[in-house]
Amino acid sequence: MKPLLPLLLLATTAVAANPLPRSAPEAQGVSSAAVLAFVEAADAKVDVMNSFMLVRHGQVVAEGWWAPYDAKSRHELYSLSKSFTSTAVGMAVADGKLSIDDTVMSFFPDDTPKEPSANLKNMRVRDLLCMSTGHQAEPALTPTAKDPWTKLFLASEVPHKPGTHFKYNTPATYMQSAVVQKVTGKPVLEYLKPRLFDPLGIEDPTWGTSPQGVSLGGYGLNVRTEDIAKFGQLYLQKGKWGDKQLIPAEWVAMATSKQTSNGSNPKSDWDQGYGFQFWRCRNGAYRGDGAFGQYCIVLPEQDAVIAITSGTKDMQAVLNLVWDILLPGLKKEALPADDATAKKLKDKLARLSVPVQKGDAKPAVLKDVSGKVYTFAANDQKVESLSLVFDDTGGGVTIVSKMNGEERKMACGAGEWKRGTMAVGPPATPAAASGAWTADDTYTAKVVLTETPFIATLTFRFADGKLEYEAKRNVGFGATNSPKLTGEKK
């Protein structure tokens, strides 16, 4: 887990271009009461909601961001990026650059093993798209690897016949990105800019790259909530945007239909089949999704799109709320105006917030610890020293840390979110923080990384001239707690 200490800076972001049209819910056959019930349930039951947007008949009928998340900021999509990568493959196919029945090896002759297995020889681009490459385990692609990631992928064992075995495989999406770059001469991010991002008004998307400069493909794309909704709306419209066919309708049909069987549980939205980097869902829907609850849900039968970003350990629970509460509120015809409920919904959406850090303890140690510097022995978190500088009320605080020889600062609001950035390795990440005394000797800060689903909780306990420091995250791919550190007063 990366160090969880912040650096104070003000983040600035641009508003998304060419917004979708807006409409009252009932005018588009959507019950404000159902949307309100969904938002209230999500607010109460989902670990942390970040944003929500509902589009019906091409009109945004409800949208909300849980402060300090906002409409202007890009958000990490994680595996929802995969659906954008497969779109690039479809466009490259339409451009005549490749066929999905081309073998993967044919694009990378210099990276192919001297004696490739029969299964590797038979692996096609189609198998990359369908998560049916034949791998039993995902190939290991690491930033520190000496060999190109394409070479590492092709060197991995392929025990199953391609096309016969579903295995969720993020490196397979990286290979799609590498193929597109190979045949077009451009990274997927650059290739998609005039073909997808610009026509949809998706401004300033960012996408991480491999050490070889290839867009990561399977993750790493950052766009705004409305951009997710636009992408879903494009697919709902079978690839047409305005008077232009951006994606061939035939590709949309193939990409969003069941290409691979991946289970049989009727209650699981991960067992309904897999397309070309899209999941089939219950209720005739399909989606792209990413770790910790990033969703682009398309409901063709209801002519609707739902975009959600969140930070949750239970992704199925979010979809259950969509099916159980929101879906019944989508009617075939326009509904009578419901001004009272529509106002309640609007007010609720305007007041959404991630709970600030609460605490009302009376700090007995405030005068003894404010501004004092505590030093730490060498540790994996690279924390060298910490100091908390409190204002006159004892509520507002500036956390001053020294990490890797660099001093960093972050201000925490008292009962409110204070914006800045958090240093999790260069560059600093936009963040917002709040804090409170949660015990007479303990100050707790909550830090939201506002372009990600991550929320860090930092605990500072002062006792006997020492400072115990502990950092936790709400979600993560591995351990979410950092080891407790103890510092001595300087």
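*Asks:* Just checking my understanding: could you explain the environment of Pro-113 for this structure?
*Replies:* Within the secondary structure layout, Pro-113 lies in the loop between α2 (81–94) and α3 (118–122). Judged by its relative accessible area of 28%, Pro-113 falls in the partly exposed class. When residues no more than four places from it in sequence are discounted, the contact partners of Pro-113 are Leu-120, Leu-154 and Ala-155.

*Asks:* When you look at the pattern of salt bridges in this model, what are you seeing that I'm missing?
*Replies:* Side chains that carry opposite charge are capable of pairing whenever their charged atoms lie near each other. Applying the stated criterion across every chain, the model contains 17 salt bridges. The residue Arg-124 makes a salt bridge to Asp-127 at a minimum N-O spacing of 3.3 Å. A residue is classified by how much of its surface remains accessible, and Asp-127, at 1% relative accessible area, is buried. With a closest N to O distance of 2.9 Å, Lys-343 and Asp-347 form a salt bridge.

*Asks:* How should the environment of Trp-437 be read in this particular structure?
*Replies:* Topologically, Trp-437 is positioned in strand β17 (residues 429–439). Separated by 80 residues in the primary sequence, Trp-437 and Gln-357 have C-alpha atoms spaced 9.1 Å apart.

*Asks:* Looking at this structure, I do not really get the packing of aromatic side chains. What am I missing?
*Replies:* Geometrically, a pair of aromatic rings is defined through the distance of the ring centres and the angle of the planes. Enumeration over the complete set of coordinates arrives at 26 aromatic pairs. Plain terms: the ring middles of Tyr-78 and Phe-454 are 6.3 Å apart, the flat faces sit at 90° to each other, and that makes the pair edge-to-face. One end of the pair, Tyr-78, is in the loop between β3 (75–76) and α2; the other, Phe-454, is in the loop between β18 (442–449) and β19 (455–463), and 376 residues separate them in sequence. Between Trp-437 and Phe-462 the ring centres are 6.3 Å apart and the planes differ by 45°, which places this aromatic pair in the tilted class. Of this pair, Trp-437 sits in strand β17 while Phe-462 sits in strand β19, and the two are 25 residues apart along the sequence. Phe-462 shares its class with Trp-437; the two are buried. Taken together, Phe-84, Phe-197, Phe-231, Tyr-235, Phe-278 and Tyr-286 form an aromatic cluster joined through their ring pairs. Cation over ring: Arg-287 sits above Trp-270, and NZ or CZ is 4.3 Å from the ring centre. In this structure, Arg-473 packs its charged tip against the face of Phe-454, placed 4.9 Å from the ring centre.

*Asks:* I would appreciate a short explanation of the packing of helix α1 (residues 32–45) against helix α11 (residues 339–350) in the present structure.
*Replies:* Pairs of packed helices are described in terms of their axes, by the angle between the two and the distance that separates them. Their axes nearest at 9 Å, the elements α1 and α11 cross at an angle of 30°. Classified by the angle between their axes, α1 and α11 sit roughly parallel to one another. Crossing hand, α1 versus α11: left-handed. Contact residues: Ser-32, Ala-33, Val-35, Leu-36, Val-39, Glu-40 and Asp-43 in α1; Thr-341, Ala-342, Lys-344, Leu-345, Lys-348 and Leu-349 in α11. Its residues assigned to classes, the contact of α1 with α11 comprises 7 nonpolar, 2 polar and 4 charged.

*Asks:* Got a minute to help me understand the sheet that holds strand β15 (residues 406–412) in this structure?
*Replies:* Think of a sheet as strands paired side by side through backbone hydrogen bonds, with each pair either parallel or antiparallel. Taken in spatial order, the 10 strands make up an open sheet running β15-β14-β13-β12-β21-β20-β19-β18-β17-β16, and their pairing is antiparallel. What marks the edges here is a single partner per strand, and that holds for β15 and β16 (418–422). Each adjacent strand pair in this sheet contributes to an overall mean axis angle of 30°, direction not counted. Pairing of strand β20 (residues 466–473) with strand β21 (residues 485–489) involves 4 bridges; the strand directions are antiparallel. Across the sheet, Tyr-469 pairs through a bridge with Leu-485, a residue of β21.

Reading the values: the criteria
- Residues numbered from 1 in each chain as written.
- Predicted model: local features only at pLDDT ≥ 70, side-chain atom pairs only at ≥ 80, totals over all residues.
- Heavy atoms only, no water.
- Helix = DSSP H or I, 4+ residues; strand = E, 2+ residues; numbered from the N terminus.
- Buried < 20%, exposed > 50% of the residue type's maximum accessible area, 1.4 Å probe, protein only.
- Contact = heavy atoms within 4.5 Å.
- Salt bridge = Lys/Arg side-chain N within 4 Å of Asp/Glu carboxyl O.
- Phe/Tyr/Trp six-rings, centres within 6.5 Å; stacked < 30°, edge-to-face > 60°.
- Lys NZ or Arg CZ within 6 Å of the ring centre and 35° of its normal.
- Axes fitted to C-alpha atoms, helices over the stretch in contact; angles between N-to-C directions.
- Parallel < 35°, antiparallel > 145°, perpendicular 65-115°, else oblique.
- Left-handed = near helix turned anticlockwise from the far one by under 90°.
- Nonpolar A, V, L, I, M, F, W, Y, C, P; charged D, E, K, R; others polar.
- Pairing = 2+ DSSP bridges.

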